[in-house]
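# Descriptive analysis of the structure
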Amino acid sequence: MSEVAENHALGTKSDLAGVSDSPITDPASVVKDTKTSGALKKSSRYRTRSLSASSTDSYSSSSSSQEDDVSPREKVQKNSKGSSDFCVRNINQFEFGRREIEIAEQEMPGIMALRRRASDDKPLRNAKIVGCTHINAQTAVLIETLAALGASVRWAACNIYSTQNEVAAALAESGFPVFAWRGETEEDFWWCIDKCVNVENWQPNMILDDGGDATHLMLKKYPAMFKMIKGIVEESVTGVHRLYQLSKAGKLTVPAMNVNDSVTKTKFDNLYSCRESILDSLKRSTDIMFGGKQVVICGYGEVGKGCSQALKGLGCIVYITEIDPICALQASMDGFRVVKLNEVIRTVDVVITATGNKNVVTREHMDKMKNGCIVCNMGHSNTEIDVNSLRTPDLTWEKVRSQVDHVIWPDGKRIILLAEGRLVNLSCSSLPSFVVSITSATQALALIELFNAPPGRYKSDVYLLPKKMDEYVASLHLPTFDAHLTELSDEQAKYMGLNKAGPFKPNYYRY
Ligand SMILES: NC(=O)c1ccc[n+]([C@@H]2O[C@H](COP(=O)([O-])OP(=O)(O)OC[C@H]3O[C@@H](n4cnc5c(N)ncnc54)[C@H](O)[C@@H]3O)[C@@H](O)[C@H]2O)c1
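My aim in this report is to walk through the structure given alongside it, one point at a time.

What counts, and where the lines are drawn
- Residues numbered from 1 in each chain as written.
- Predicted model: local features only at pLDDT ≥ 70, side-chain atom pairs only at ≥ 80, totals over all residues.
- Heavy atoms only, no water.
- Near = heavy atom within 4 Å.
- Polar contact = N/O pair within 3.5 Å; in protein donor to acceptor, adjacent residues only side chain to side chain.
- Areas by Shrake-Rupley, 256 points an atom, 1.4 Å probe, with all protein chains shown as cover.
- Helix = DSSP H or I, 4+ residues; strand = E, 2+ residues; numbered from the N terminus.
- Nonpolar A, V, L, I, M, F, W, Y, C, P; charged D, E, K, R; others polar.
- Contact = heavy atoms within 4.5 Å.
- Buried < 20%, exposed > 50% of the residue type's maximum accessible area, 1.4 Å probe, protein only.
- Pairing = 2+ DSSP bridges.
- Right-handed = clockwise from strand over helix to strand, strands pointing away.
- Core = buried A, V, L, I, M, F, W, Y, C linked by side-chain atoms within 4.5 Å.
- Axes fitted to C-alpha atoms, helices over the stretch in contact; angles between N-to-C directions.

### Quick word on the site of the ligand
- What surrounds the ligand is a group of 22 residues, the closest being Asn270, Val303, Glu322, His380 and Asn425.
- Within the contact set of the ligand, an oxygen atom lies 2.9 Å away from a backbone nitrogen or oxygen of Val303.
- Measuring from an oxygen atom of the ligand, one finds a side-chain N or O atom of Asn425 at 2.8 Å.
- Contact with the protein chains covers 81% of the free accessible surface of the ligand, which is 860 Å².
- For the shell around the ligand, the secondary-structure elements that each account for two or more residues are α14 (263–286) and α15 (302–313).
- Residues belonging to the shell around the ligand are distributed by class as follows: nine nonpolar, ten polar and three charged.

This is the structure we're talking about:
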């Protein structure tokens, strides 16, 4: 197995959606004849799968279950301009999707400002982008921005569960070749990406990836085409990890931008977004009253810090577990008790993992939890809580709500497991559009930078977004808050050794 394939075996289609439990197979082996109708039917596994509690839920009833049983690949659909260069669940749902996109635009000031500022210059003119990301109202705003900046795009979903069908329909109706629907099979998944890559008279020259799957497919199945790519922009932890591995193995033949580790993404997505969404996730799924509850949070990185701040703010008694003395000291100085999980496991009301590690909460821990303890994960995949260890004959699983399972011990004790251990905020809440605006603006700028860079600026390696662009992304969002930046005087700029236009911090600055 190649290194990349090995990663896929370990990895997930997307750490963002945290639905890593579907097997990942080699794209070349599954992208074949489309008429394997049995495989195209959605299996019951997909139908019973609980889906993201995103805004789609309010109108998801608009697609009938009968219709859901027919694979979009077996339907003949055309948009109102007569194009059939797309594959979505139901093109007729486009009006719902358009409304969703318009709502998202209101809360995505940065990416909309970029659209306005750069649409005359068209910095992405002649860019042909294969996109593989979640397809929802927020990413639709990104896709339409890239088109406004001059790019021609083809798009597939990076996750088989997360597509907002109505939004995919709206994009297809507007003429975007979108190949995605909620509840794709594994084979559909690779077929959709293939439909974006392997097109007559259209040779992609950029990849925007979330999880590395478009990159993986092109590298494995179309190596000659891959060599023509000018740049890859990757958003996820998993995808970035794969890129670094490819680079290390000397197999990365094009420059790539690691957007995941840009400052604006890490701080806003991990810290501020999680600070808000942990409360919403717990409230929506369990109706819990927070005041006075004892909560243990495993991991005091950006995500752990956000969660603990929010829960403390609502009156919870928060404990932290950490392996790193620096983060443990930070937690202590922030007023949290740093403990080993075993010290508090019998008494806490809520256990939250946010480490990015595996088996942080084991069956042994869960055996000790008290009746009614809520267990959930905010980390990138479903490995943090050993959920498989709960699938034993002595325990009974009772689904009480979408994304909420009671796991019942023989003596009647039950724990409340959220989202089967996948990312609870993406399963039970929604990502604030504002945060996605920051990430999207970062992605768009990374594409612009790689596409327009003079030859030689970027070699076949993985790069971070230049600091100045990170600062630009932040500045695009400041008008929302009517925030007024102080300008350096000439004297001050000289004294500090800075350019008055930035960058204002060295690369090693930690914010
Ligand atoms: N839910 C979301 O929306 C969301 C958003 C961003 C990132 N993430 C994911 O959340 C995870 C954490 O992200 P982060 O930015 O906080 O990372 P981070 O590296 O800053 O923090 C993780 C912390 O966990 C600690 N840790 C590791 N193993 C541990 C263990 N066994 N017990 C206790 N502590 C342990 C580490 O020392 C570190 O301080 C990652 O997997 C990331 O991909 C989730």
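Read on, since the account is not over.
### Quick look at the side chain of Asp349
- Its location among the elements puts Asp349 in the loop between α17 (341–344) and β10 (350–353).
- When residues no more than four places from it in sequence are discounted, the contact partners of Asp349 are Lys293, Gln294, Lys370, Gly372, Cys373 and Ile374.

### Brief notes about the pairing of strand β11 (residues 374–377)
- Side chains Ile374 and Cys376 of β11 all project onto a buried face; the interleaved residues Val375 and Asn377 project onto the opposite face, where all are buried too.
- Where β10 meets β11, four bridges bridge the pair, whose relative direction is parallel. From the neighbouring strand, Thr353 faces β11, where its bridge partner is Asn377.
- Chirality of the crossover, the property in question, places the unit of β10, helix α18 (residues 363–368) and β11 among those that are right-handed.
- Bridge count for β11 against strand β14 (residues 414–418) is two bridges, and the pairing is parallel. Residue pairing in the sheet places Ile374 in a bridge with Ile416 of β14.

### A word on the nonpolar core
- With 57 residues, the main nonpolar core has Leu124, Ile129, Leu146, Trp155 and Val178 as its most contacted residues.
- Contributing elements (two or more residues each) for this core: α6 (94–106), α7 (109–118), α8 (137–148), β2 (152–157), α9 (165–173), β4 (206–209), α20 (433–452) and α21 (467–477).
- Top contributing element to this core by residue count: α20, with eleven residues.
- The contacts of Trp155, once residues within four sequence positions are left out, are Ile129, Gly131, Cys132, Thr133, Ile135, Ile143, Leu146, Pro177, Val178, Phe179, Cys196 and Leu208.
- Of all hydrophobic cores here, the second largest spans 33 residues; its members include Trp181, Ile207, Leu246 and Val254.

### Quick notes on unusual backbone geometry
- In this model, Gly502 is joined to Pro503 through a cis peptide bond whose omega is 0°.
- Following the sequence through the fold, Pro503 ends up in the segment after α22 (490–496).
- One non-glycine residue, Ala419, adopts positive backbone phi at about 55°.
- Here Ala419 is to be found in the loop between β14 and α19 (424–428).

### A few points about the side chain of Ser440
- Along the polypeptide, Ser440 turns up in helix α20.
- Overall, Ser440 belongs to the buried group, its relative accessible area being 1%.
- Ignoring anything within four residues of it in the chain, the contact list for Ser440 reads Met108, Ile111 and Leu142.

### Some details on the sheet that holds β10
- Pairing is mixed across the open sheet formed by eight strands, whose spatial order is β9-β8-β7-β10-β11-β14-β13-β12. Each edge of the open sheet carries a strand with a single partner, namely β9 (337–338) and β12 (396–401).
- In the packing of α14 onto the sheet, contacts are made with β10, β11, β12, β13 (404–408) and β14, and the angle to β14 comes to roughly 125°.

Don't take any of this as a statement about function, it's just geometry.
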